[in-house]
Every structure is written in C-alpha cells, then in structure tokens.
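So you can see what is in the structure, the chains are spelled out below.
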Amino acid sequence: YYSLTHSSHTHVTTFPTSSILDDCIGMAVDLWSEVTIERSSTFQITAEGEGADAMPTDESNLLVTGVKAAFDAAKKPVPILKYHVVSRIPYARGLGSSSAAIVAGIIAGLVLAGHRLPCWGSEALLQIAASIEGHPDNVAPAIYGGIQIGIHNGTRWVTERAPCPAGMQLVMFIPDFIGKTSSARNVLGPEISREDAAFNISRAAWLIHALCMGNLDNLKVSVQDKMHQPQRGKALYPYLFPMIEAAEDAGACCGYLSGAGPTVMALTSGASGDIFTQREKERTDKAVAKAMMSTAKKFGIQGRIVVTQASHEGARVLKADPPFSSDIFTYRDEV
C-alpha cells in the first residue's frame, strides 16, 4: 500500500445486496445509500430515508464499526466524527443493510485515514469486511458489485465474479416488517442430510452454469433449495412459496427468499436499455409485480414492490476533501 493525505470529509455511496445461496453467492442490487462522514468536535449520527428511525445513533452502528476497522488497519486513532446517512436500502429486510453499512464505513474510514490497502493476492478490504460480517455473500458484492461467489480457502476469504445475464431485472416484494437474521437462523436444524446436501450442491453448480451461459430459463431450478428456504417459509414466511409460484406463473424466470428474508426476489428477463422507453409487452416485470402483490394481500402482508436491476459496481467514493482529482488528472464525478 501507499499513503495519501488524510481527508477531513468524505462522501460514499453503497449498495444493498441479495444473497442467492445462503452465505456464499450474492448480488449487488441497484438501490443505493449515501454516507457522509466528516471530522467534528462532537460525535453525531443522523439519518434520513429507509429505516432511519430504527438506525442506531451510537457507536453500535455498523458504520462506526467499519470506520474503526479502517483506522485500525491504518494504525491510527479514530478521530471524533459526524455521520449523516441518506438511506435507500430497506433495513433488516434480507437485502444486506448491515453489509452495506460495514463496507461504507471501511471505505470512508480509509479515505479519512489517508490509507490504502493491497487488493491483488490478498483482498484486504474483503478480509476486514467479511471478518466483521462473518461471511462473504453480502460484503463481496457490496465491495465489487455484480454477482460474487465467495468462499474461505482455509487461509483467507476469496471471491470471484459470475456473469450477470443481459436483460435481467429484479422484482422485489419488500414486507413492511423487519426480519432478524438471528431469528431466521434459529429455525434451521443443526444437521442436514446427505440427500439435501447433494441437492443444494447440484443447484449451486446449475446456478453458476446458468449465469455463465446467460440461460435465464435455467434459473428456476438453480435457486431451489432444501437447507433454509423450506424451514424459513414454514416457520416465518408462509407467503414465500405461494409468492414464488405466482411470480413464476406470471413470467418470472425464478423466485427466492433474499438472504434470511423477509424480502422475496423474483428475476425476470427481456429488459433492454431504459425500460421506460421499452414496450411493456416485451417485459414481464409488471405482471410479476402484480402477482406478487396479489399473493401478499391474500396472506394479509403489507409491503411494496421495487423493480430494479443488478448493479455492476460496488461502493465507491463520491467526494473527498481534499479531492483526489486535480487540474490535470480528473476522476469520474471529479472526486
């Protein structure tokens, strides 16, 4: 690594993520939050937007955890900081809000500390983020974007990008209630059968093949699961499988529980360019959204539909003071 002058102010954008296969494969979702952190005489966290009322305003906030980890990596004390969050990521809905906060905090902390990390051969930022979160399926796409496959190779966390098929859209039903990951994990048994393990391994392989070949028709089988979705659907989310079936009947390529829930994610095909300039009959997102909402109403579940796409980039710095750009060398957005 090499050092740079520390900043007094930084502005970072970060993305939600959807875990497709629990704890190992995740996708960056094109909904973003912005975090501004600056040096101050008093500690303060303010927030607006999605989940602002539920967001911790003390040092338990994972943004602060990320910043502290960055300053620890730089071997520098953490200064007094003021944080402001403009959140567009639904809080505790199975869309990686904790990972987004961790990654945003680390990146902002590195800029504030004037410190850079090695990437090739070590992926130091991923190591810090995954060690806090405990698994890579959300932090990896939050850092790098796209669809990421993350594992621990016995020495460190590693991740690789899988292709994102062209024309794929994300149709999400996001319930109004939160889902606690701890509660969702508690309904899982301590053991799995050899048959169920083989079932999930085959689906993981089929998923990667479908993504690599751009074969959206194979996604329906690819996201089938026996290790967490049936258990969580039965104990926590009775609407899950009826909603997936309704989405697929309406034209979705597949549907699955995003992370530990409660959000249900459907993937559709046919998008081309800006969808608001495209004939609706060429796409299925609206029909799928209506089917999912109809199922929610049958089960008395309040929520909303969000239609978006995968994000091919991860969290990034939008602004720094002093800036990285100069009169003769300009970065995107003049950061």
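In what follows, the structure referred to is the one given above.
Residues numbered from 1 in each chain as written. Predicted model: local features only at pLDDT ≥ 70, side-chain atom pairs only at ≥ 80, totals over all residues. Heavy atoms only, no water.

(A) Spotlight on a nonpolar patch on the surface. Together, Ile328, Phe329 and Tyr331 make up an exposed nonpolar region whose accessible area comes to about 390 Å². On the secondary structure map, Tyr331 appears in the segment after β13 (316-321). (Patch = residues over 30% accessible without salt bridge, like charges linked within 9 Å, V, L, I, M, F, W, Y side chains within 5 Å. Areas by Shrake-Rupley, 256 points an atom, 1.4 Å probe, with all protein chains shown as cover. Salt bridge = Lys/Arg side-chain N within 4 Å of Asp/Glu carboxyl O. Helix = DSSP H or I, 4+ residues; strand = E, 2+ residues; numbered from the N terminus.)

(B) Representation of the sheet that holds strand β3 (residues 25-28). Ordered by their spatial adjacency, four strands build an open sheet running β2-β3-β7-β8, and the pairing between neighbours is antiparallel. This sheet does not close on itself; its edge strands, each paired only once, are β2 (17-21) and β8 (157-162). Taking the axes of each pair of neighbouring strands and ignoring which way they run, one obtains an average angle of 30° across the sheet. Pairing geometry for strand β7 (residues 147-152) and β8, over six bridges, is antiparallel. Bridged to Gly150 within β8 is Thr159. Docked against the sheet, helix α6 (residues 194-213) engages β2, β3, β7 and β8, running at close to 125° with respect to β2. (Pairing = 2+ DSSP bridges. Axes fitted to C-alpha atoms, helices over the stretch in contact; angles between N-to-C directions. Contact = heavy atoms within 4.5 Å.)

(C) Structural context of the packing of helix α1 (residues 62-73) against helix α2 (residues 97-113). Following both chains from N to C, one finds α1 and α2 inclined at 40°, their axes separated by 7 Å at the closest point. The pairing of α1 with α2 is recorded here as oblique in orientation. Relative to α2, α1 is oriented so that their crossing is right-handed. For the pair formed by α1 and α2, the contact residues are Leu62, Leu63, Gly66, Val67, Ala70 and Phe71 on the first element and Ser98, Ala101, Ile102, Ala104, Gly105, Ile106, Gly109, Leu110, Leu112 and Ala113 on the second. (Parallel < 35°, antiparallel > 145°, perpendicular 65-115°, else oblique. Left-handed = near helix turned anticlockwise from the far one by under 90°.)

(D) Representation of the pairing of β3 within the structure. By the alternation rule, side chains of β3 split into Ile25 and Met27 and Gly26 and Ala28, which are all buried. In the sheet, β2 pairs with β3 via four bridges, with the strands oriented antiparallel. Looking across to β3, one finds that Thr17 is bridged to Ala28. Judged from the three bridges that link them, β3 and β7 form a sheet pairing that is antiparallel. Paired with Gly26 across the bridge in β7 is Gln148. (Buried < 20%, exposed > 50% of the residue type's maximum accessible area, 1.4 Å probe, protein only.)

(E) Spotlight on the sheet that holds strand β5 (residues 44-49). Read from one edge to the other, the open sheet built from five strands follows the order β5-β6-β4-β1-β13, with strand pairing classed as mixed. Of all the strands in the sheet, just β5 and β13 have a single pairing partner and so form its edges. The average angle at which neighbouring strand axes cross in this sheet is 10°, direction not considered. Direction of pairing for β5 relative to strand β6 (residues 81-87): parallel, over a ladder of six bridges.

(F) Summary view of the pattern of salt bridges. Applying the stated criterion across every chain yields a total of eleven salt bridges. When the shortest N-O distance is used, the salt bridge between Glu59 and Lys68 registers 2.9 Å. When salt bridges with common partners are traced through the structure, they connect Glu313, Arg316, Arg332 and Asp333 into a single cluster.

(G) View of the nonpolar core. Of all hydrophobic cores here, the largest spans 42 residues; its most connected members are Ile37, Tyr83, Val103 and Ile106. When contributions to this core are tallied by element, the ones reaching two or more residues are β4 (33-39), α1, β6, α2, α3 (124-133), α4 (139-144) and β13. The element contributing the most residues to this core is α2, with eleven residues. Leu21, Leu31, Leu95 and Ala310 belong to the second-largest nonpolar core, a separate cluster that totals 26 residues. (Core = buried A, V, L, I, M, F, W, Y, C linked by side-chain atoms within 4.5 Å.)

(H) Local environment of the packing of helix α9 (residues 240-249) against helix α10 (residues 285-298). Between α9 and α10, the shortest axis-to-axis distance is 8 Å and the interhelical angle comes to 155°. It follows that α9 is roughly antiparallel to α10 by the angle criterion. Here α9 runs over α10; the crossing is right-handed. The segment α9 lies against α10, with Pro242, Met243, Ala246 and Ala247 engaging Val288, Ala291, Met292, Thr295 and Ala296. Per-class residue counts for the contact of α9 with α10 are eight nonpolar, one polar and no charged. (Nonpolar A, V, L, I, M, F, W, Y, C, P; charged D, E, K, R; others polar.)

(I) Structural detail: the packing of aromatic side chains. A complete count under the given rule lists five aromatic pairs for this structure. Between Tyr237 and Tyr239, the aromatic rings sit 6.0 Å apart at their centres with planes inclined by 50°, giving tilted as the arrangement. Aromatic rings pair up to connect Phe173, Phe177, Tyr237 and Tyr239 into one cluster. One cation-aromatic arrangement involves Arg203 over Phe199; the distance from NZ or CZ to the ring centre is 3.7 Å. One Lys or Arg, Lys226, reaches over the ring of Phe199 and ends 4.7 Å from the middle of that ring. (Phe/Tyr/Trp six-rings, centres within 6.5 Å; stacked < 30°, edge-to-face > 60°. Lys NZ or Arg CZ within 6 Å of the ring centre and 35° of its normal.)

(J) Spotlight on the pairing of β4. Within β4, five of the seven residues are buried, leaving the element largely enclosed by the surrounding structure. Across six bridges, the pairing between strand β1 (residues 9-14) and β4 is antiparallel. Residue pairing across strands places His9 opposite Glu38, the latter belonging to β4. Pairing of β4 with β6 involves six bridges; the strand directions are antiparallel. Residue pairing for β6: Glu38 is matched across the bridge by Lys82.

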